[in-house]
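In case you want the letters, here they are:
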Amino acid sequence: MELIRDEAKIDEFRKRARKLVAEMTLEEKVFQTLNGAPAIERLEIPAYNWWNEALHGVARAGVATVFPQAISMAATFDEDHLEKVADAISTEGRAKFNMQQKYGDTDIYKGLTFWSPNVNIFRDPRWGRGHETFGEDPYLTSRLGVRFTQGLQGHDENYMKSAACAKHFAVHSGPEDIRHSFNAVVSKQDLYETYLPAFKACVQEGKVEAVMGAYNRTNGAPCCGSKELLTDILRSEWNFQGHVVSDCWAIKDFHQGHGVTSGPVESAAMAMNNGCDLNCGNLFIYLVDAVNKGMVQEERIDEAVVNLFTARMKLGVFDDRGKNPFDEIPYSVVDSKEMQQLNLETAAKCVVLLKNEKNLLPLDKSKINTIGVIGPNANNRRALVGNYEGTASRYYTVLEGIQDYVGEEVRVMYSEGCHLYKDKISGLGINNDRISEVKGVCDASDIVIVCLGLDAGLEGEEGDEGNQYASGDKPNLDLPGMQQEVLQTAYASGKPVVLVLLSGSALAVGWADEHIPAILQGWYPGAQGGKAIAQILFGDRNPEGKLPITFYRTTEELPDFLDYAMKGRTYRYMVNEALYPFGFGLSYTEFTYSNERVSKSVLDRHGVSVKATVTNTGSREGTETVEVYVKALREGTPCAQLKGVRKITLQPGESKEITVSLPIGAFALYDENGVSGVEKGEYLVSIGGTQPEKRSEALTGKKIAVLKVKAE
């Protein structure tokens, strides 16, 4: 679904912007290129701060619905639902903006230009900011990125509801601690096949208003001043019509970190000349000097400021109140019951069932007297929200969700078990100072739920306050601190154990896979997360999430973190067997595929349709994610790649025929020059509930149908 916007209206906005900019002095124009743009009272231009966050809810501006983190929502594989969430976020954004404007509040985080989504590829599980992304796959990231963008920006033909921003352009996924000086070296093939598709889709399909450059260099050029990225690809190849913003204080890195310029004037000139319109930071104040020295043409400044005022006009903020349909959204919609219900539904859709031996789950509370809930993430609010978060009026941790669910009918016993990453909880205690309590709770319980993992204090952005690893990146994929010992102690009790993992990235939980009968990946599930997880544990909801990332077996098998080549990375280029593969996730019911077929055996310019009948052969309602993969049968090509997704909800015994249309582009691959084409030869097309590879089939016990088509 393409975003509809009246081009004549945009032309009108651009003309108005040009007329306004023509009345400004050079100094006034330059100050409008800073994120904290000051008022120009003589022209009746109010102050505006461009820096606003809405990664999974309106962030850092007081109370708002805190939806599951981006990686969590990626596990839904549900682009329709992502747009619904983004629409809700923009509704709250408008409501808060309307209220703040009423009281003259134009502070940071209180505008309508939201710097999300993050459509970088999560190429390495050690990257601390990976949980801000939609995972490791370019196709899934593209689909979710486009629909999130459309949800934020809306479908009004005259005005944007809010402005989205695709970030961080491009080839950006760590390491965090050297991002201000790091040069990501990448081949043309990997650039176009992996790192650019989601940005291209957001620009050309989503009509995203803004693109943010990355901190690092790509192939030698700093991304916020790269002619190749910002001018040649973004503007010329893709015909981007919006505005470009730097990452925060990234332009000073040109001389301080990357050493490609001699000082601030040259850095500001490089960024502006190569297509950066807006500086998050203050280095663009040097543009006055740059113009006076002939390093930047004033016409280029004009172009940048016109781009910026066109964006503000698209938001309707220069028109009389009531002209756009969003001015009347009341503050009462923020954190309303309807928003909380959508949040709960979203959290439940994100959870991935990784293991369920002998159908231990769902639990029957009528057969349980005492539940033990153990672990540092059982009652950890920070593990609900990830980063770039807002403030919820109520949080439900896993412990609270279980307590509320069972009420007075079942005794819930709790132990923190251990610190999230330290070797003890009490400063004066001995190592593992809660292990006897763990044993006591296990001994008294009929079933034990162990809640482990990470939070945004262990994985996140470089410089985030309280980040234990400082850089934000994980040193390895292990459970931190004493968590593994707590899990093994629970297992040794002989009681049935359910492991609930809260994390924004893959963990190497091979021991748990071998020993623990039931495992849920809960991600950072948002403010309603504990309530949703309880509903899944007790069967009120059926898990439907699928992994948007690969779970590896060991840290050691990962390629060098500094290497941006895709060889050996993600499910598309893996050689080793995954612990849990991309696209994998179980249900409490069973889905059977039959009558799988393609519409034609020889490809033409219209592509091909893939069909299958899906039947719910289990005993409860469930939602299946139908995944379609394409593999070129020739040397040196990626593994089978995701190219189509459909969600389908079926009652027990119900069947439906699914059709997934694959355009000819689904069979195209890029060569070493970054040129896309469909080569002659055979291609394998699969349709099923997961990847067509051995580990997925072993985990599900189902063979995925693989069909052949030919390109002549």
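Residues numbered from 1 in each chain as written. Predicted model: local features only at pLDDT ≥ 70, side-chain atom pairs only at ≥ 80, totals over all residues. Heavy atoms only, no water.

Enquirer: So what's going on with the side chain of Arg179? Residues and values would help.
Expert: Here Arg179 shows up in the loop between strand E3 (165-169) and strand E4 (183-184). A distance of 3.1 Å separates polar atoms of two side chains, one belonging to Arg179 and the other to Glu176. Apart from residues lying up to four places away in sequence, Arg179 is in contact with Arg129, Tyr215, Asn216, His258, Glu461 and Glu462. (Helix = DSSP H or I, 4+ residues; strand = E, 2+ residues; numbered from the N terminus. Polar contact = N/O pair within 3.5 Å; in protein donor to acceptor, adjacent residues only side chain to side chain. Contact = heavy atoms within 4.5 Å.)

Enquirer: Before we move on, can you summarise the layout of surface pockets with the specific residues and values?
Expert: Empty space within the largest pocket amounts to approximately 820 Å³. Mapped onto the lining of the largest pocket, the elements with two or more residues apiece are helix H5 (138-153), helix H6 (188-195), helix H7 (197-204), strand E18 (641-650), strand E19 (655-662) and strand E20 (669-670). Top contributing element to the lining of the largest pocket by residue count: E18, with six residues. For the lining of the largest pocket, the class distribution of residues is 16 nonpolar, seven polar and 10 charged. One number sums up the size of the second largest pocket: a volume of about 580 Å³. Taken together, 36 residues line the second largest pocket, and the ones lying closest to its centre are Leu586, Ser587, Glu590, Thr700 and Lys702. At the level of secondary structure, the elements contributing two or more residues to the lining of the second largest pocket comprise strand E9 (352-356), strand E15 (591-598), strand E17 (622-632), strand E22 (681-688) and helix H21 (694-700). Looking at the lining of the second largest pocket residue by residue, the class counts come to 12 nonpolar, 15 polar and nine charged. (1 Å grid on protein atoms, 1.4 Å probe; cavity = no way out; pocket = protein on both sides within 12 Å on 5 of 7 lines; lining within 4 Å. Points joined across faces, edges and corners; volume = space filled by probe spheres on them. Nonpolar A, V, L, I, M, F, W, Y, C, P; charged D, E, K, R; others polar.)

Enquirer: Now, about the packing of helix H16 (residues 435-444) against helix H17 (residues 483-492): what can you tell me, with residues and values included?
Expert: Packing of H16 against H17 brings their axes to within 9 Å, and their N-to-C directions diverge by 30°. In terms of orientation, H16 lies roughly parallel with respect to H17. When you trace H16 past H17, the crossing you get is right-handed. Contacts from Ile435, Val438, Lys439 and Cys442 of H16 reach H17 at Glu485, Val486, Thr489 and Ala490. For the contact of H16 with H17, a count of residues per class yields five nonpolar, one polar and two charged. (Axes fitted to C-alpha atoms, helices over the stretch in contact; angles between N-to-C directions. Parallel < 35°, antiparallel > 145°, perpendicular 65-115°, else oblique. Left-handed = near helix turned anticlockwise from the far one by under 90°.)

Enquirer: Tell me about the sheet that holds E19, residues and numbers included.
Expert: The strands that make up a sheet pair up through hydrogen bonds in the backbone, lying either parallel or antiparallel. On the basis of which strands lie adjacent, the open sheet formed by three strands has the order E15-E16-E19 and antiparallel pairing. Looking at the sheet topology across the chains shown, the edges are occupied by E15 and E19. Ignoring strand direction, the axes of neighbouring strands in this sheet form an average angle of 20°. (Pairing = 2+ DSSP bridges.)

Enquirer: Please set out the packing of H5 against H7 residue by residue, giving values where relevant.
Expert: Between H5 and H7, whose axes approach to 8 Å, the crossing angle comes to 30°. Between H5 and H7, the angle is such that the two are roughly parallel. Judged by the sense of rotation from one axis to the other, the crossing of H5 with H7 is right-handed. On the side of H5, the interface is formed by Pro138, Thr141, Ser142, Gly145, Val146 and Thr149, while H7 contributes Pro197, Ala198, Ala201 and Cys202.

Enquirer: So, the state of the cysteines: which residues are in play, and what are the values?
Expert: The full count for this structure, using the stated rule, is one disulfide. Each sulfur in the disulfide pair Cys248 and Cys280 lies 2.1 Å from the other. Since a negative S-S torsion denotes a left-handed disulfide, the Cys248-Cys280 link at about 85° is right-handed. Separated by 32 residues along the polypeptide, Cys248 in the loop between strand E8 (243-245) and helix H9 (253-256) and Cys280 in the loop between helix H10 (264-273) and helix H11 (287-292) bring together distant segments of the chain. When sorted by exposure, Cys248 lands in the same class as Cys280, which is buried. No disulfide involves Cys202; its sulfur sits 9.9 Å from that of Cys165, the nearest cysteine. Residue Cys442 stays outside any disulfide, its sulfur separated by 12 Å from that of Cys418, the closest cysteine. Residue classification places Cys442 among the buried positions, given a relative accessible area of 1%. (Disulfide = S-S within 2.5 Å. Buried < 20%, exposed > 50% of the residue type's maximum accessible area, 1.4 Å probe, protein only.)

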